[in-house]
Amino acid sequence: MLALVAGRGGLPLALASALQRAGRPFRVYALEGFAPDLPDVTLFRVEALGRLLRDMRKAGISEVCFAGAMQRPPVDMAKLHPLSLSLVPRLMKVIGKGDDRLLREVIAIFEEAGLQVRGAHEVSPDLLATGAVGRQPTEAERTDAARGAEILSALGPLDLGQGCVVAGGLCLGVETLQGTDAMLGFVAETRGGLAKTAGVFVKRAKPGQDLRIDMPTIGPDTVTAAARAGLSGIAVQEGAVLVLDRDTLSRRAEEAGIAIWAQP
């Protein structure tokens, strides 16, 4: 059986739907305070991580898939469960070293407990970004997208975000811990006359990122936010970005005149 450790957003809902269609048994778990809009969710706290792992094994869970937005919750060491005495300190040691380092430690802890971690793209491969949506990008848009890919590649070793905005070769915003929506909102509010061209939002996995957790994702709301920011294109990394609600995303992109395509 698979455990869907779910956060907020559309990805957990899409994966739950895919699992139901496939007739695959699963249970939904969520960090307290970040539960998705799904039925029968088992809540847990970081302080009781060890108990969670024990209960998963008792329930016949053998695979785990992480999906959805979560923030780093406060940890009360006074409430530490006995089974978590060695686990939570491991997380606390890496919590300030970037998302990728923290998530790799999470994967290691679950796999050491005998649970195989599966990526969302393994659970539902049809969510992977391939090809193009709507019109073909212009040469200027492709040039901005290539520049964005260079920027994200350079920032990768610093374990920053998975996205940036480039217009006319100028970087108008870089995704940080606040996420994509915050970055696109910042660009919408501040771009003014900084660039003569509309610009492109570039979304890619961090170089060397373990794609089994925190895989980059776009959906219809991403298109809406990009349009508000005055952008004309969205370039995603082929085979490394998930696309939610493709039909609605395509319709919004067509209405906004935004080109969406996958780049190597």
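Preceding block: the structure.
Residues numbered from 1 in each chain as written. Predicted model: local features only at pLDDT ≥ 70, side-chain atom pairs only at ≥ 80, totals over all residues. Heavy atoms only, no water.

A.B. asks: What is the right way to read the sheet that holds strand β7 (residues 163-167) from this model?
C.D. replies: Paired through their backbone hydrogen bonds, the strands of a sheet run either parallel or antiparallel. As summarised here, the arrangement of the 6 strands in space is β6-β13-β11-β9-β7-β8, forming an open sheet in which the pairing is mixed. On the outer flanks of this sheet lie β6 (132-133) and β8 (170-174), each paired with one strand and no other. (Pairing = 2+ DSSP bridges. Helix = DSSP H or I, 4+ residues; strand = E, 2+ residues; numbered from the N terminus.)

A.B. asks: I would appreciate a short explanation of the nonpolar core in the present structure.
C.D. replies: A general feature of soluble globular proteins is that nonpolar side chains tend to end up buried together. Residues Y29, M56, V64, F66 and F110 are the most contacted members of the largest nonpolar core, which totals 29 residues. Breaking this core down by element, the ones donating at least two residues are β1 (2-6), β2 (26-31), α2 (49-58), β4 (63-67), α3 (88-94) and α4 (99-112). Ranked by residue count, the leading element in this core is α4, at 6 residues. Not counting residues up to four positions away in its chain, the partners in contact with F110 are L49, L52, L53, M56, V64, F66, L115 and V117. (Core = buried A, V, L, I, M, F, W, Y, C linked by side-chain atoms within 4.5 Å. Buried < 20%, exposed > 50% of the residue type's maximum accessible area, 1.4 Å probe, protein only. Contact = heavy atoms within 4.5 Å.)

A.B. asks: I would appreciate a short explanation of the side chain of E47 in the present structure.
C.D. replies: One can find E47 in the loop between β3 (41-44) and α2. The class for E47 is buried, based on a relative accessible area of 2%. A polar side-chain atom of E47 sits 2.7 Å from the main-chain amide nitrogen of D76. (Polar contact = N/O pair within 3.5 Å; in protein donor to acceptor, adjacent residues only side chain to side chain.)

A.B. asks: Would you mind going over helix α7 (residues 180-190) with me for this structure?
C.D. replies: Listed as buried for α7 are T180, M183, L184 and V187. Projected down its long axis, α7 carries its buried residues within an arc of 95°, all on one side. Turned more than 90 degrees away from the buried face of α7 sit D181 and E189, all of them exposed. In the core, the buried residues of α7 are packed alongside β7, β8, β9 (200-203) and α8 (220-228). Just downstream of α7 lies G192, where phi reads positive at about 45°. (Arc of directions from axis to C-beta.)

A.B. asks: How should α2 be read in this particular structure?
C.D. replies: In an α-helix, one turn spans 3.6 residues, which is why side chains three or four residues apart end up on the same side. Within α2, burial applies to L49, G50, L52, L53 and M56. Buried positions in α2, seen along its axis, are confined to an arc of 160° and lie on one side of it. Buried residues along α2 sit against β1, β2, β3, β4, α3 and α4. The positive-phi residue at the C-terminal boundary of α2 is G60, with phi of around 85°.

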